[in-house]
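# Analysis of the macromolecular model
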Amino acid sequence: MYKPYYKKIDRSMLDWGFTIPQDYVNDFLAGKKIKLGRSREVILKWDNKKFPVRLCFWNRKNQHPVYQIRWDNNKDFLKKLRKTFIQSYVNIKSQKELFDITEKKKKHFRTQLEGGEQEVMIFHPINAKEIKCEVFIKIENKWNTLFQRLADENVFGWIFDKKDRKHLIQRSTDWIKVKDFKKHRNAVNVIYYLANTKRKLLYIGKAETLGERVKPGKKHQNMPGDWDLFRYDIIKPKFSSILQQIEDHTIRSFASVLKNIKGYPSLNIGNFKLVNYNWKKI
């Protein structure tokens, strides 16, 4: 039986993972050693969902080697973690933002949350391949629902992650089946794409709120109501005022390579036809 590790939510947890304390290393290894400088995949099981992450053994300059659990390459786990512990995410990232503004000369930033604000998660190794995750302390307040929605739309990511501010788009989805549209109807400031795979048609549009603009099963301008796939790009709030221009540019770009009903000069690549009509030629 391996010991569970009660981990306080801190900045590293909300960015990439955590370093395993020496007293818990054997529990997380679960009898399967890792060579220095190497890593192996392990599964974090949380709410019956499985998230592949890395168990690493790193050498550090002028320090002892450390074992780490890292999920910086698993955006789904990171998103769920930030949304679940939204209180810590907002507090810690806000502190870091203030630190960057007022105390740039200091070399290190340390999270300092009061005891009543500290959230905790349990990591319980089951075997060498699986670790069970469980919420131990989660702080609720009247703002959590709003903050969770903002986290869903990556508003906080845009505010806190300065290195990503040069891009217009804060998140792009994969192609999604129309039966799952309800899960995405509240997406805001989007450029959306509707695909009719039977008729080989594509429509591109913009929406301040996706579900107020698009209705599954109904005709959408020149797109018949039996469209079956959709996807969307969420435009950063900073650029929401030019949503119309982004839509026009996107339509023209697709029209230049796909067949289109407006007679726009095109390479006519592929079998799909762009059915947008109400857009401006330049």
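To be clear, the structure that these remarks concern was listed above.
Residues numbered from 1 in each chain as written. Predicted model: local features only at pLDDT ≥ 70, side-chain atom pairs only at ≥ 80, totals over all residues. Heavy atoms only, no water.

### Details of the overall build of the chain
As a reminder, the rule being used: Only DSSP runs of H or I reaching four residues or more are called helices, and only runs of E reaching two or more are called strands; each is numbered from the N terminus. A simple rule labels every residue: compare its accessible area, found with a 1.4 Å probe on the protein chains alone, to the largest value its type can have, and call it buried under 20%, exposed over 50%, or partly exposed in between. When checking whether two residues touch, look at their non-hydrogen atoms; a contact exists if any pair is within 4.5 Å. Surface exposure here means Shrake-Rupley accessible area, sampled with a 1.4 Å probe, where a residue is shielded only by the protein chains that are shown.
Of the regular secondary structure elements, the chain holds 8 helices and 14 strands. For the chain, with 282 residues in total, the buried portion stands at 43%. Counting only contacts in the chain whose residues sit at least 6 apart along the sequence, the fraction spanning at least 24 positions is 59%. Accessible surface, the chain as shown: approximately 16,900 Å² in total, 50% of it carbon and sulfur.

### What about the nonpolar core?
Where a protein is soluble and globular, its nonpolar side chains tend to be buried together. Note the following rule: Buried residues of nine kinds, namely Ala, Val, Leu, Ile, Met, Phe, Trp, Tyr and Cys, make up a nonpolar core once their side-chain atoms join them within 4.5 Å.
Phe18, Leu44, Ile69, Trp71 and Phe123 are the most contacted members of the largest nonpolar core, which has 32 residues in total. By size, the runner-up hydrophobic cluster in this structure holds 17 residues, among which are Ala187, Leu201, Leu210 and Ile234.

### Quick word on the pairing of strand β7 (residues 130-137)
This is how it is decided: Any two strands with at least two DSSP bridges between them are considered paired.
Where strand β3 (residues 39-46) lies against β7, 3 bridges are found, and the strand directions are parallel. In the sheet register, Lys45 faces β7, and the bridge partner there is Lys132. Between strand β6 (residues 120-125) and the antiparallel strand that follows it, β7, lie 4 residues.

### Thoughts on the environment of Ile92
Locating Ile92 in the fold gives a position in helix α4 (residues 86-102). The class of Ile92 is buried, set by a relative accessible area of 0%. Residues Ile92 and Ile9, spaced 83 residues apart in sequence, show a C-alpha to C-alpha distance of 9.3 Å.

### A short note on the pattern of salt bridges
Worth spelling out the cut-off: For this document, the term salt bridge refers to a Lys or Arg side-chain nitrogen within 4 Å of an Asp or Glu carboxyl oxygen.
All told, the structure shown has 10 salt bridges when counted by the stated rule. A salt bridge links Arg11 to Asp15; its shortest N-O distance comes to 3.8 Å. With Arg11 and Asp15 both in helix α1 (residues 11-15) and 4 residues apart, the pair spans about one turn of that helix.

### A word on a positive patch on the surface
The condition that has to hold: Patches here: salt-bridge-free residues with over 30% relative accessible area, like charges joined within 9 Å, nonpolar side chains (Val, Leu, Ile, Met, Phe, Trp, Tyr) joined within 5 Å. Neither His nor the chain ends is counted toward charge; the positive residues are Lys and Arg and the negative residues Asp and Glu. Charge placement uses NZ in Lys and CZ in Arg. For Asp and Glu, CG and CD serve respectively.
A cluster of basic residues, Lys182, Arg185, Lys215 and Lys218, forms a positive patch on the protein surface. Relative accessible area serves as the criterion here: at 35%, Arg185 is assigned to the partly exposed category.

### A few points about the environment of Gly211
For Gly211, the location among the structural elements is in helix α7 (residues 210-213). Its relative accessible area of 3% is what places Gly211 among the buried residues. Separated by 27 residues in sequence, Gly211 and His184 have C-alpha atoms that sit 7.6 Å apart. If sequence neighbours within four positions are ignored, Gly211 has contacts with Phe181 and Arg185.

### Here we look at the packing of aromatic side chains
As a reminder, the rule being used: Planes of paired rings set the category: under 30 degrees apart is stacked, over 60 is edge-to-face and the rest tilted, where pairs are Phe, Tyr or Trp rings (Trp by its six-membered ring) whose centres lie within 6.5 Å.
A complete count under the given rule lists 17 aromatic pairs for this structure. Residues Trp71 and Phe123 carry aromatic rings whose centres are separated by 5.9 Å and whose planes lie at 10° to one another, so their mutual orientation is stacked. Highlighted residues: Trp71 in the loop between β5 (63-70) and α3 (75-84) and Phe123 in strand β6, separated in sequence by 52 residues. Ring centres 6.2 Å apart and planes at 35° place the aromatic pair Tyr192 and Tyr203 in the tilted group. Of this pair, Tyr192 sits in strand β10 (residues 188-196) while Tyr203 sits in strand β11 (residues 201-209), and the two are 11 residues apart along the sequence. Side by side, Tyr192 and Tyr203 carry an identical accessibility label, which is buried.

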